[in-house]
Amino acid sequence: MGKRIDVKDLNVFYSDFKAVEGVTMTVEPRSVTAFIGPSGCGKSTFLRTLNRMHEVTPGGRVEGKVMLDDEDLYAASVDPVAVRRTVGMVFQRPNPFPTMSIRDNVIAGLRLNGVKNKKVLDQKVEESLVGANLWNEVKDRLSKPGAGLSGGQQQRLCIARAIAVEPQVLLMDEPCSALDPISTLAIEDLVTQLKEQFTIVIVTHNMQQAARVSDRTAFFNLEATGKPGNLIEMDDTQQIFNNPSKKATEDYISGRFG
Ligand SMILES: Nc1ncnc2c1ncn2[C@@H]1O[C@H](COP(=O)(O)OP(=O)(O)O)[C@@H](O)[C@H]1O
Ligand SMILES: [Mg+2]
């Protein structure tokens, strides 16, 4: 599991507004790639093109190419729903289905896919919750509502739900920004563990987090409000934080703007 993403000359639009311009990058399989950059530079917008969620927004469209291994995600024959199953997503605010039990949250996606066998589902619940480092905390209350968990637990529940359908890639858009420091570290540990299996892309405004969890870092920036965001540089995380090749990157990581 864990596929490579190859993006070529990608432009991303909201109707006539070009939000992101000319992105070419490779995301390595079974590794963590961090996207950093000032607010509004298009990190979330670009991230959502990687599983065709961007086009769900009215006026949302792309030009260019996104390949997942050998598959062109925007080819006419490709089903966007299948893409979103293969490339899962975790959002800023934990969003478990509030009235559903913990168990039902985990298997919501499998149910949609038509899996009914109780034994299979039970096994998947345990496996996914173990995978999300949440099993020990919830194994005695699987039938209780997901909404009753703490914020950090809810986010791990959302990760369990995402990995239950066995995706190749996990996209995470600032998954810790609503969490306390302890829960944040729990998610970071989990990300490090999950990269053994999945390709992970994480947007973060927290530079220490990017430095702690990622293998590669992509820095995005925009010239001015109303202009499209660009990928300024992408490199090994150590390189970006210790010896970036572009001045804008250095200014950003040293806290001079953003
Ligand atoms: N639904 C939308 N409709 C129109 N413009 C949007 C929408 N969402 C975001 N944008 C614009 O796209 C640009 C990039 O936003 P975003 O991807 O959210 O940046 P970031 O995640 O880096 O903060 C911004 O100018 C933002 O205002
Ligand atoms: Mg964002």
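Heads up: these notes are all about the structure in this document.

Conventions adopted
Residues numbered from 1 in each chain as written. Chains lettered and ligands numbered in written order. Predicted model: local features only at pLDDT ≥ 70, side-chain atom pairs only at ≥ 80, totals over all residues. Core = buried A, V, L, I, M, F, W, Y, C linked by C-beta atoms within 7 Å. Buried ≥ 20, exposed ≤ 12 C-beta atoms within 10 Å, placed from the backbone. Contact = placed C-beta atoms within 7 Å. Helix = DSSP H or I, 4+ residues; strand = E, 2+ residues; numbered from the N terminus. Near = placed C-beta within 6 Å. Nonpolar A, V, L, I, M, F, W, Y, C, P; charged D, E, K, R; others polar. Expected span 1.5 Å × (residues − 1). Arc of directions from axis to C-beta. Pairing = 2+ DSSP bridges.

1. What about the nonpolar core?
Ala160, Leu170, Leu171, Ile200, Val201 and Ile202 are the most contacted members of the largest nonpolar core, which has 68 residues in total. Beyond its immediate chain neighbours, meaning those up to four positions away, Ile200 contacts Val32, Leu170, Met172, Val191, Leu194 and Lys195.

2. Some points on the environment of Ala162
Position of Ala162 among the secondary structure elements: in helix H6 (residues 151–164). Placed 77 residues apart in sequence, Ala162 and Arg85 show a C-alpha to C-alpha distance of 8.6 Å.

3. Brief notes about unusual backbone geometry
Despite not being glycine, Asp9 shows a phi value in the positive range, around 50°. For Asp9, the position within the fold is in strand S1 (residues 5–14). Residue Asp9 is classed as exposed on the basis of its C-beta count, with 11 C-beta atoms lying within 10 Å. Backbone geometry at Asn133 places phi at a positive 55°, although glycine is not the residue there. Residue position: Asn133 is located in the loop between helix H4 (118–131) and helix H5 (135–138).

4. A few points about the environment of Gln153
When you line up the elements, Gln153 lands in helix H6. By C-beta crowding, Gln153 is classed as buried, having 21 other C-beta atoms within 10 Å. Expressed as a C-alpha distance, the spacing of Gln153 and Ser183, which sit 30 residues apart in the sequence, is 7.8 Å. Aside from chain neighbours lying at most four places away, what touches Gln153 is Leu134 and Glu137.

5. Observations concerning the site of ligand 1
Near ligand 1 the following residues occur: Tyr14, Phe17, Ala19, Gly37, Ser39, Gly40, Cys41, Gly42, Lys43, Ser44, Thr45 and Thr57. When contributions to the shell around ligand 1 are tallied by element, the ones reaching two or more residues are strand S2 (17–27) and helix H1 (43–49). No other element matches H1, which puts three residues into the shell around ligand 1. Taken together, the residues of the shell around ligand 1 break down into four nonpolar, seven polar and one charged.

6. Structural notes on H4
Taking 1.5 Å per residue as the helical rise, H4 with its 14 residues ought to reach 20 Å, and the 20 Å between its terminal C-alpha atoms agrees with that figure. Considered for burial, the residues of H4 that qualify are Lys124, Val125, Ser128 and Leu129. In an axial view of H4, the angular spread of the buried residues amounts to 120°, which keeps them on one side of the axis. Exposed and oriented more than 90 degrees from the buried face of H4 are Lys119, Val120 and Gln123. Asn133 occupies a position one or two residues after H4 and carries a positive phi of about 55°.

7. A few points about the pairing of S1
For a regular strand, side-chain orientation follows a simple rule: the groups alternate between the two sheet faces. Relative to S2, S1 runs antiparallel, the two being bridged by seven bridges. Paired with Leu10 across the two strands is Val23, which belongs to S2. Hairpin remark: S1 followed by S2, antiparallel, with two residues in the connecting loop; positive phi at Ser15, about 50°. Two elements, S1 and strand S4 (residues 60–68), share eight bridges in a ladder whose sense is antiparallel. The residue of S4 that forms the bridge with Tyr14 is Gly60.

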